[in-house]
Amino acid sequence: MTGFKEINGVLNADNVPLTDIAKEYGTPTYVYSADVMKEQYEALAGAMKRALPADRQPLLCYACKANSNVAVLSYLRSLGCSLEIVSEGELKRGLKAGFKANQIVSTGVGKTRSEIISCLEAGIHQFNVESFPELKHINQIAGEIGIKATVVFRLNPNVSGGGHHKISTGRKRDKFGISEESICDAYQLASEMEHVEPVGLSVHIGSQVFTVESFKTAFEKLPGIVEKIRENGHSVTRLDIGGGFPIIYKDEKLLDLDRYAEWVRDIIMPLDTEIIMEPGRYLVGNAGVLLSEVLYVKETHDQDFLVIDAAMNDLIRPTLYEAYHGIEPVENRDAPHHNYDVVGPICESGDTFTQGRDLPKMNQGDLVVVQSAGAYGFCMASNYNTRAMPAEILVYDGQAHEVRARESVEEIIDLDKIPDFIK
Ligand SMILES: Cc1ncc(COP(=O)(O)O)c(C=O)c1O
């Protein structure tokens, strides 16, 4: 039995009791299931295999902003993923994880000089360019170091997608991409530049996209633009159709991947280009939990609080996006329910995982998990309140592997410096 399942009354991760993991590694700790990642990868790759011929399969570039632990990257690489990055740090993680540079796609609205140089020197597959100034910057740097940059242009399709306004990226007023009106001009300009080679387009409308028709609406913008660019005498050989696939946090209705794959077959495939996808959350989100311990049960006249040792610095999604996460005890799972606010120790009312939720009754010292924390969890964690970053554990084949040790408070404090002028 794989994934997060109850065995003999105890919640397990791929057959390893979470009680054992807490005993060995402490809490709060992120625990990932390799099997769930594999299932998710196979579900997505499988849908594409059913819809598209073998020689038209997409490059599945895992968007590692979702979870960039090097072991997670290596594992997804071993399954068949390529990689999407948004920073020099992610490039270095990707290379350390064994990705070949030509499997890596670089996106983001603010690529730095140093990042562009590192990507060019490594020989990445492409830059997804988001603005005219960025195009000029890449051309200039590529000229300086004598390496031609392969670029695609990110279309801003003016399509709303994304499960929260902060993770919706395809609307006209969003900072992302180049408008339909300007994108052919960008392509033309690039074709006149000496040090860039424009090869295609990209589109990504947001994350946790539930209005699934938005994918189709965005895709439908591409054929007309591709035709225009080709009519202008340029070649278009790559289309990157982004990520954004939703996962279940509560009771959401999932995207039918076969339907999505049919849109790719019917709208994108006839354009006769290489196809690239950038799934992030879908591959890792449901594959992780944040394991924590109940520090106190605080009973007040108005509400009872479970104060747990995980906090908003460990998992910011509830307070940043008002995101729902399931919460479960690791043991005594059949206890009668009680109504709780589940909160962390940080000095902000926003440090709240849920309010007014009925959960099995819990006591001080009990273990609890925050579910579906594998994506945008650890990678968004911070040292707020000088709290050390949690450990990360990857469970594979019934064995727990520590893939990142818990940070020490000393490591954080040692980065600070006291200047001499202070006596
Ligand atoms: C350009 C780009 N591609 C892919 C992704 C991954 O999105 P998701 O994790 O929803 O699949 C993101 C997320 O922000 C992104 O900005």
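Fair warning: this is a prediction, and the values are worked out from it, not measured in the lab. (Residues numbered from 1 in each chain as written. Predicted model: local features only at pLDDT ≥ 70, side-chain atom pairs only at ≥ 80, totals over all residues.)

## Some words on the domain arrangement of the protein
- Under the domain assignment, the protein is made up of domain 1 (4-32 + 285-413) and domain 2 (35-283).
- Each of domain 1 and domain 2 was reduced to a C-alpha centroid, and the two centroids are 32 Å apart.
- Domain 1 puts 19 residues into the contact, and the matching count from domain 2 is 21 residues.
- Going through the elements one at a time, strand S20 (391-396) and strand S21 (399-404) are the ones with two or more residues in the side of domain 1 that touches domain 2. (Domains from an automatic or database assignment. Contact = placed C-beta atoms within 7 Å. Helix = DSSP H or I, 4+ residues; strand = E, 2+ residues; numbered from the N terminus.)

## A word on the environment of Ile229
- Tracing the sequence through the fold places Ile229 in helix H8 (residues 213-231).
- The class for Ile229 is buried, based on 22 C-beta atoms found within 10 Å.
- Measuring from C-alpha to C-alpha, the distance between Ile229 and Leu155 comes to 13 Å, with 74 residues separating the pair along the chain.
- Aside from chain neighbours lying at most four places away, what touches Ile229 is Cys184, Tyr187, His234 and Val236. (Buried ≥ 20, exposed ≤ 12 C-beta atoms within 10 Å, placed from the backbone.)

## Looking at the sheet that holds strand S1 (residues 4-7)
- Overall, antiparallel pairing links the three strands, which are arranged S1-S2-S3 in an open sheet. Lying at the two open borders of the sheet, with one neighbouring strand each, are S1 and strand S3 (16-17).
- Taken together, the four bridges between S1 and strand S2 (residues 10-13) define a ladder with antiparallel strand orientation. Within S2, the position partnered with Phe4 by the bridge is Ala13. (Pairing = 2+ DSSP bridges.)

## What about the site of the ligand?
- The full set close to the ligand counts 18 residues, and Ala63, Ser207, Gly243, Gly280 and Arg281 are the nearest of them.
- Along the lines of polarity and charge, the residues of the shell around the ligand split into five nonpolar, nine polar and four charged. (Near = placed C-beta within 6 Å. Nonpolar A, V, L, I, M, F, W, Y, C, P; charged D, E, K, R; others polar.)

## Details of the packing of helix H4 (residues 88-96) against helix H5 (residues 113-122)
- Taken N-terminus to C-terminus, the directions of H4 and H5 make an angle of 30 degrees; their axes are 9 Å apart at the nearest point. Of the possible angle classes, the one that applies to H4 and H5 is roughly parallel. Between H4 and H5, the contacting residues are Glu88, Leu91 and Leu95 on the first element and Ser114, Glu115, Ser118, Cys119 and Ala122 on the second.
- Split into classes, the residues belonging to the contact of H4 with H5 amount to four nonpolar, two polar and two charged. (Axes fitted to C-alpha atoms, helices over the stretch in contact; angles between N-to-C directions. Parallel < 35°, antiparallel > 145°, perpendicular 65-115°, else oblique.)

## Some details on the environment of Gly9
- One can find Gly9 in the loop between S1 and S2.
- Judged by C-beta crowding, with 11 C-beta atoms within 10 Å, Gly9 ranks as exposed.
- Residues Gly9 and Asn313 lie 304 residues apart in sequence; the distance between their C-alpha atoms is 30 Å.
- With near-sequence residues (within four places) excluded, Gly9 lies in contact with Glu331 and Arg333.

## Quick notes on helix H6 (residues 132-145)
- If you check H6, its first and last C-alpha atoms are 20 Å apart, about what 14 residues at 1.5 Å a residue would give, namely 20 Å.
- Tucked into the core, H6 has its buried residues touching H5, strand S8 (126-129), strand S9 (149-156), helix H7 (180-192) and strand S11 (196-202).
- Positive phi appears at Gly146, one or two residues downstream of H6, with a value of about 70 degrees. (Expected span 1.5 Å × (residues − 1).)

## Describing the pairing of strand S15 (residues 304-308)
- Pairing analysis gives five bridges linking strand S14 (residues 288-299) to S15, with the strands arranged antiparallel. In the sheet register, Tyr296 faces S15, and the bridge partner there is Val307.
- Here S14 hands over to S15 after four residues, the two strands then running antiparallel side by side.
- Taken together, the four bridges between S15 and strand S17 (residues 337-343) define a ladder with parallel strand orientation. By the bridge assignment, Asp304 is partnered in S17 with Tyr340.

## What to know about H7
- Those residues of H7 not exposed but buried are Ile183, Ala186, Tyr187 and Ala190. Within H7, the buried residues cover an arc of 100 degrees as seen down the axis, which keeps them to one side. In H7, the exposed positions that point more than 90 degrees away from the buried face belong to Glu181, Asp185 and Glu192.
- Those residues of H7 that are buried lie in contact with H6, S9, strand S10 (178-179), S11 and H8. (Arc of directions from axis to C-beta.)

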